[in-house]
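Geometric and topological summary
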Amino acid sequence: MSMEGSSGTGSRKGPIRPDIVVDAALALVNLGGLESLTMRGLSDALGTQPPALYRLFRDKDALVDAMADAVLASALGPLPETSWETRVIVLAGRLRAAMLDQRDGARIVGGAYTTRQPTLTVADSLLAAMGEAGFTGEAAVWAITTVFSYVLGEALEQQGRAEVDLEEVQATVSAEDYPHLARSPLPALLDFDARFAFGLRMITAGLREGAQTFHPGETVPGAASNATADSPTDGTPAPTSRTTPPLPARKAAPAEPGP
């Protein structure tokens, strides 16, 4: 979305829709990064006043939630009618592409936890696949967070990396001090497409094996089921929370610059 033509003096005529605000916010992030996004700057770009935005979004966090849904929405669509592994791989690839297509997309998505259609559809699609694999209950929820967190982490690192001088790194890594690193193909660290595909294959292979050995109702080591959370029988301390969200919960938003 172009930011040209906005006067920044509240000259916009007529009501403003939430989707227009979200599109404008994503466009501003594309220009200056997530830190540059402020409600005042956004209202200036739209030719309106901050109160008009706060009537649509109670605060900046609510706006970022809506931005996250907009990013995830581009990953939605029919999945192939094939194995659960293939569906997980296809959806994970779409999620990664959606985050990478938007500047700071991984930070936007990782900082949000919403109950809107795009987020819920992603979670539901992954849960369907995990159910087909044989997971139920908490194990199914933890399985989808494993997949989603991997996608989010890879996208976050790719978008956040600074330029790396591999020649300098290789010159620094001596065989005497770091023998394993010195013998490693360090450029592979920056082959994000290949390493993402490799990691996703490892995760789906692990889930396939785990589904074969996991039994419904089984308590995962290190955590207590809802039925026994208050009095675990294996000596493991009860968790502080009995539920795990299907997608990462909100992180602290970056401080908003002053007017």
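Check the entry above for the structure.
Okay, so let's go over this structure. On a predicted model such as this, the values are computed, not experimentally measured, just so you know. (Residues numbered from 1 in each chain as written. Predicted model: local features only at pLDDT ≥ 70, side-chain atom pairs only at ≥ 80, totals over all residues. Heavy atoms only, no water.)

Some details on helix α11 (residues 192–213)
Between its terminal C-alpha atoms α11 stretches 32 Å, which fits the 32 Å expected from 22 residues at 1.5 Å a residue. Of all the positions in α11, only Phe192, Arg195, Phe196, Gly199, Leu200, Ile203, Thr204, Leu207 and Ala211 are classed as buried. When α11 is viewed along its axis, its buried side chains cluster within an angular range of 165 degrees and face the same direction. Relative to its buried face, α11 has exposed residues pointing more than 90 degrees away, namely Glu209, Gln212 and Thr213. In this structure, the buried residues of α11 make contact with α5 (84–101), α7 (117–133) and α8 (137–160). (Helix = DSSP H or I, 4+ residues; strand = E, 2+ residues; numbered from the N terminus. Expected span 1.5 Å × (residues − 1). Buried < 20%, exposed > 50% of the residue type's maximum accessible area, 1.4 Å probe, protein only. Arc of directions from axis to C-beta. Contact = heavy atoms within 4.5 Å.)

Notes on the nonpolar core
With 60 residues, the main nonpolar core has Leu42, Leu63, Met67, Met130 and Phe135 as its most contacted residues. Among the elements of the structure, α1 (18–32), α2 (39–46), α4 (60–73), α5, α6 (105–110), α7, α8 and α11 are those that each provide at least two residues to this core. The contact partners of Met67, leaving out residues within four places of it in the chain, are Val22, Ala25, Leu26, Val29, Leu37 and Ile108. (Core = buried A, V, L, I, M, F, W, Y, C linked by side-chain atoms within 4.5 Å.)

Quick notes on α4
Along its 14 residues, α4 runs 20 Å from first to last C-alpha, staying within 8% of the 20 Å computed at 1.5 Å per residue. Within α4, eleven of the 14 residues are buried, which leaves the element mostly enclosed by the surrounding structure. Listed as buried for α4 are Lys60, Ala62, Leu63, Val64, Asp65, Ala66, Met67, Ala68, Asp69, Val71 and Leu72. For α4, the side-chain oxygen to backbone nitrogen distance between the N-cap and Asp61 is 3.2 Å, and the N-cap itself is Asp59. (Polar contact = N/O pair within 3.5 Å; in protein donor to acceptor, adjacent residues only side chain to side chain.)

Some words on the environment of Trp84
Structurally, the position occupied by Trp84 is in helix α5. Between the C-alpha atom of Trp84 and that of Met130, which follows or precedes it by 46 residues, the distance is 7.3 Å. Apart from residues lying up to four places away in sequence, Trp84 is in contact with Ala129, Met130, Glu132, Ala133, Thr204, Leu207 and Arg208.

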